[in-house]
Amino acid sequence: MLSVGLAMLQGARHEHAEALRGAAGELGLELNIVECRRASHVSSDLDALILPGGESTTMRIASQHESLLEALFDWMNNHPSRPVLGTCAGAILMASPGEERAPFLQASIERNGWGRQRQSFESTVDVILDTPQGDACDVAPADRDMFAHQPLEMQSQAAQSVNEGFPGVFIRAPRFVADGLSCTPVAMLGDEIVGVLDGMRLGLTFHPELTLDRRFHRWLLSQAQHTKEGQ
Ligand code: GLN
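Note that the structure is a prediction, hence the values are computed from the model and not measured.

Honestly, the overall build of the protein chain in this entry has me stumped. Any pointers?
Broken down by element type, the protein chain carries 5 helices and 11 strands. Residue burial in the protein chain is summarised as follows: out of 231 residues, 49% are buried. Partitioning the intrachain contacts of the protein chain with sequence separation of at least 6 by distance along the chain shows that 80% fall at a separation of at least 24. Per element, the accessible surface of the protein chain, about 10,600 Å² overall, is 46% carbon and sulfur.

Which parts of the structure should I look at to understand the site of the ligand?
Surveying the vicinity of the ligand reveals the residues Gly-53, Gly-54, Glu-55, Ser-56, Cys-88, Ala-89, Ile-92, Arg-111, Asn-112, Ile-171, Arg-172 and His-207. One of the side-chain N or O atoms of His-207 is found 2.8 Å from a nitrogen atom in the ligand. If the ligand stood free it would expose 300 Å²; the protein chains cover 98% of that surface. Its residues assigned to classes, the shell around the ligand comprises 4 nonpolar, 5 polar and 3 charged.

Looking at this model, I keep getting lost on the pattern of salt bridges. Mind explaining?
Opposite charge on two side chains makes pairing possible when the charged atoms of those side chains draw close. One pass over the structure, following the stated rule, counts 11 salt bridges. Across the salt bridge formed by Asp-47 and Lys-228, the nearest N and O atoms sit 3.2 Å from each other. Placement of Asp-47 in the loop between β2 (31-36) and β3 (48-51) and of Lys-228 in helix α5 (residues 215-230) is noted, with a sequence separation of 181 residues between them. Under the relative-accessibility criterion, Asp-47 is labelled buried at 6%. A salt bridge links Asp-213 to Arg-215; the nearest nitrogen and oxygen atoms lie 3.0 Å apart. Each of Glu-26, Arg-214 and Arg-218 takes part in one network of salt bridges that share partners.

Rules of the game
- Residues numbered from 1 in each chain as written.
- Predicted model: local features only at pLDDT ≥ 70, side-chain atom pairs only at ≥ 80, totals over all residues.
- Heavy atoms only, no water.
- Helix = DSSP H or I, 4+ residues; strand = E, 2+ residues; numbered from the N terminus.
- Buried < 20%, exposed > 50% of the residue type's maximum accessible area, 1.4 Å probe, protein only.
- Contact = heavy atoms within 4.5 Å.
- Areas by Shrake-Rupley, 256 points an atom, 1.4 Å probe, with all protein chains shown as cover.
- Near = heavy atom within 4 Å.
- Polar contact = N/O pair within 3.5 Å; in protein donor to acceptor, adjacent residues only side chain to side chain.
- Nonpolar A, V, L, I, M, F, W, Y, C, P; charged D, E, K, R; others polar.
- Salt bridge = Lys/Arg side-chain N within 4 Å of Asp/Glu carboxyl O.

Keep in mind these numbers describe shape, not what the thing actually does.
Okay, here's the thing in structure tokens:
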């Protein structure tokens, strides 16, 4: 049984939980999702972590009370071989965790680098990451109405090959600054780097949890499984 911590900071958390459940089904893995709301929830039992998107400033402020962000960063420092997925604002936090901390992604990132909400867009992303294939698996969708979110009309692509395009959803997305990058590009939008891997830390400027292509969530779970087996 894998335990994956989901940082309940703010923003797109429930969709990540659904994507994780889908990915676990596709890989035939048992999964326990730990909703991390306080520092005490971020234990060394977690095999992987997700930092969702949202508003990074709000996340920093909201987490001050419970010291949640500091606990998540401590966990990342203490468990460098356990995988972390940071999407959008989550990637911003990993690249700039604050003055006192070394970045978890060796990358400069510019907030709202594409412009404002009106400049949000969807486009196909090329993935250069070895993600495991899965078996098609119907996971009952969560009641999205509960969160007033509209599901995207997309096909499940569990068995998709590594090289096929990924449906990139960019919402007030940040941009990696090419000059300030010393980690591996793993997702490209044309010439632009939109995903990087630094050790076991994967930072994406788009929102894979808003699609039914669970490649990146499968990557997280399979890496977590691999690390756990090696312990
Ligand atoms: N613009 C947000 C920020 O700067 C990130 C947006 C997102 O996560 N979708 O924190």
